[in-house]
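Here is how the chains run, residue by residue.
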Number of protein chains: 2
Amino acid sequence: MESSAFVRASQFSMFPPKRNSSNRDTLPFKPWKPTTSRSTTLQCHKMYVPGFGEASPEAKAAKHLHDFFTYIAVRIVSAQLQSYNQEAYADMMQFLERHPLNDGDKFCADLMRESSRHKSLALRILEVRSAYCKSDFEWDNLKRLSLKMVDDRNTRLMRDYVSETSSVKSESEK
Amino acid sequence: MESSAFVRASQFSMFPPKRNSSNRDTLPFKPWKPTTSRSTTLQCHKMYVPGFGEASPEAKAAKHLHDFFTYIAVRIVSAQLQSYNQEAYADMMQFLERHPLNDGDKFCADLMRESSRHKSLALRILEVRSAYCKSDFEWDNLKRLSLKMVDDRNTRLMRDYVSETSSVKSESEK
């Protein structure tokens, strides 16, 4: 953790101080394109998040969501098959029993290679997860729910602790 | 899954058909407040996602993100402590060794009850995870990365499959 922080700090000091101080107002100060949140973290005084290497917390969260979308797509396709294609539904269920859905991409890759029937199922899952995250998933709702959740949970944790310790105190005072 | 779908369908039929058909244009048709994506799914022809009970996929994803924000907050606080409060840092590391971070809220609840020193660490984690998800986390970037990831991964999966099967075919043709 520390060593990477030092490397980053030293990268900053490599920019010529003259340009950094005197020409800042006339020339746009853009030494690199900020692609990760770590870069912007240091520029705009966000909290430093260690341990993400070259990736960003956003990229890590996107990977989690990506696997989640695959899981959703499998559920959507299964529910559709169940109502009008029992044979394909049985194929899907049998495959699901033998293969974990933790890594969505590996699941799809394995499904593709199982048989030609399974391949068409896999292609449909790829299509559905793309359509789902682009059209159906409510991104604004995700943000709203997350911000509400952190407040609710923080309040609950503190309230539970206070009520627990105050009842212990009042009992010991008896 | 099916039974819950039937329950939902029967809920719909409980609305008086008269109001539903004739007064739709004059009166706003809002029989319930859509708080989950399942409700809107049925209203605006999104794909049906089974198996989420009363919750929505967005709520499930928000819970995942909530635990992720706690993990981030623990890393942020640890990195800060490491640089100026070695004693508290050691407390934190020892606690981390004994308690998993899978369930962020349980972790914080346990940390609060460990000792008064640990309690102040827990309160700081609560504060940091709230500030992080409200100010630092780049929500737009998360969406952008996720949409890009699904396209990239789908392309890669199909390309890998095609190149694999075409090379097998060309070998068998030799």
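Computed from a predicted model, the values in this text were never measured in an experiment.

So, how was this worked out
Throughout, residues of each chain are indexed from 1 in the direction in which the sequence is written. Chain letters start at A and ligand numbers start at 1, both assigned in the order the entries are written. Per-residue local features of the predicted model are confined to residues with pLDDT of at least 70, and side-chain atom pairs are confined, for both listing and counting, to 80 or more; whole-chain, interface and lining totals are unaffected and use all residues. Side-chain calculation: all heavy atoms of the structure are included, whereas hydrogens and water are not. When checking whether two residues touch, look at their non-hydrogen atoms; a contact exists if any pair is within 4.5 Å. Simply put, the buried area is the total loss of 1.4 Å probe accessible area from both parts when two parts are fitted together. Think of a salt bridge as a Lys or Arg side-chain nitrogen and an Asp or Glu carboxyl oxygen that are within 4 Å of each other. Copy-to-copy superposition: least squares on the C-alpha atoms, limited to residues that have pLDDT of at least 70 in both copies. In DSSP terms, a helix is any run of H or I states spanning at least four residues, a strand is any run of E spanning at least two, and both are numbered starting from the N terminus. Under this definition, polar contacts are N or O atom pairs within 3.5 Å; protein pairs additionally need one hydrogen-donor-capable and one acceptor-capable atom, and for neighbouring residues in sequence, both atoms have to be side-chain atoms. Comment: axis = line fitted to C-alpha atoms, over the contacting stretch for helices; angle = value between 0 and 180 degrees taken between N-to-C directions. By the definition adopted for this analysis, an angle is roughly parallel if under 35 degrees, roughly antiparallel if over 145, roughly perpendicular if from 65 to 115, and oblique otherwise. Among buried residues, the Ala, Val, Leu, Ile, Met, Phe, Trp, Tyr and Cys ones that are joined through side-chain atoms within 4.5 Å form a nonpolar core. To sort residues, take the accessible area from a 1.4 Å probe on protein chains only and compare it with the maximum for the residue type: under 20% means buried, over 50% means exposed, and anything in between is partly exposed. To estimate the expected span of a helix, subtract one from its residue number and multiply by 1.5 Å. To be clear, the arc concerns the directions from the helix axis to the C-beta atoms.

A. Geometry of the interface of chain B and chain A. Taken together, the contact pairs 65 residues of chain B with 65 residues of chain A. Around 6,100 Å² of area is buried between chain B and chain A when both sides are counted, 68% of it from carbon and sulfur atoms. On the surface where chain B and chain A come into contact, there are 8 salt bridges. Ionic pairing is found between Arg113(A) and Glu164(B), a salt bridge with its closest N-O pair at 2.9 Å.

B. The pattern of salt bridges, seen in detail. The full count for this structure, using the stated rule, is 22 salt bridges over all chains. When salt bridges that share partners are traced, they join Glu87(A), Asp91(A) and Arg117(A) into one network.

C. Quick peek at the relation of the copies chain B and chain A. Overlaying chain B with chain A gives an RMSD of 0.0 Å, the required rotation being 180 degrees about an axis along which the chain moves by 0.0 Å. Both chain copies can therefore be described as sitting about a two-fold axis. In this assembly, 97% of the residues forming the interface of chain B have copies in chain A that are likewise at the interface, indicating an isologous arrangement.

D. Region of interest: the side chain of Arg153(A). Mapping Arg153(A) onto the fold places it in helix 8 (residues 139–173). At 2.7 Å, the side chain of Arg153(A) and the side chain of Asp105(B) are in polar contact. If near-sequence neighbours (up to four positions away) are discounted, Arg153(A) is found in contact with Lys63(B), His66(B), Asp105(B) and Arg129(B).

E. Region of interest: the packing of helix 4 (residues 57–84) of chain A against helix 6 (residues 104–114) of chain A. Residue and element names in this part refer to chain A. Remark: helix 4 packs on helix 6, axes separated minimally by 8 Å, with the N-to-C direction vectors making an angle of 45 degrees. When the interaxial angle is binned, helix 4 and helix 6 end up oblique. Contacts between helix 4 and helix 6 involve His66, Asp67, Thr70 and Val74 from the former and Gly104, Asp105, Phe107 and Cys108 from the latter.

F. The arrangement of the nonpolar core in detail. By size, the foremost hydrophobic cluster in this structure holds 78 residues, and its most contacted members are Ile125(A), Leu142(A), Ile125(B) and Leu142(B). Residue contacts for Ile125(A): discarding those within four places in its chain leaves Thr70(A), Ala73(A), Val74(A), Val77(A), Met92(A), Phe107(A), Cys108(A) and Leu111(A).

G. Representation of helix 5 (residues 86–98) of chain A. Residue and element names in this part refer to chain A. With 13 residues, helix 5 should cover 18 Å at 1.5 Å per step; its first-to-last C-alpha distance of 19 Å lies within 8% of that length. Within helix 5, the full set of buried residues consists of Ala88, Tyr89, Asp91, Met92 and Phe95. Taken down its axis, helix 5 places every buried residue within 160 degrees of arc, on the same side. In helix 5, the exposed positions that point more than 90 degrees away from the buried face belong to Gln86, Glu87, Glu97 and Arg98. Structurally, helix 5 contributes buried residues whose contacts are with helix 4, helix 6 and helix 7 (116–136).

None of this, on its own, says anything about what the molecule does.
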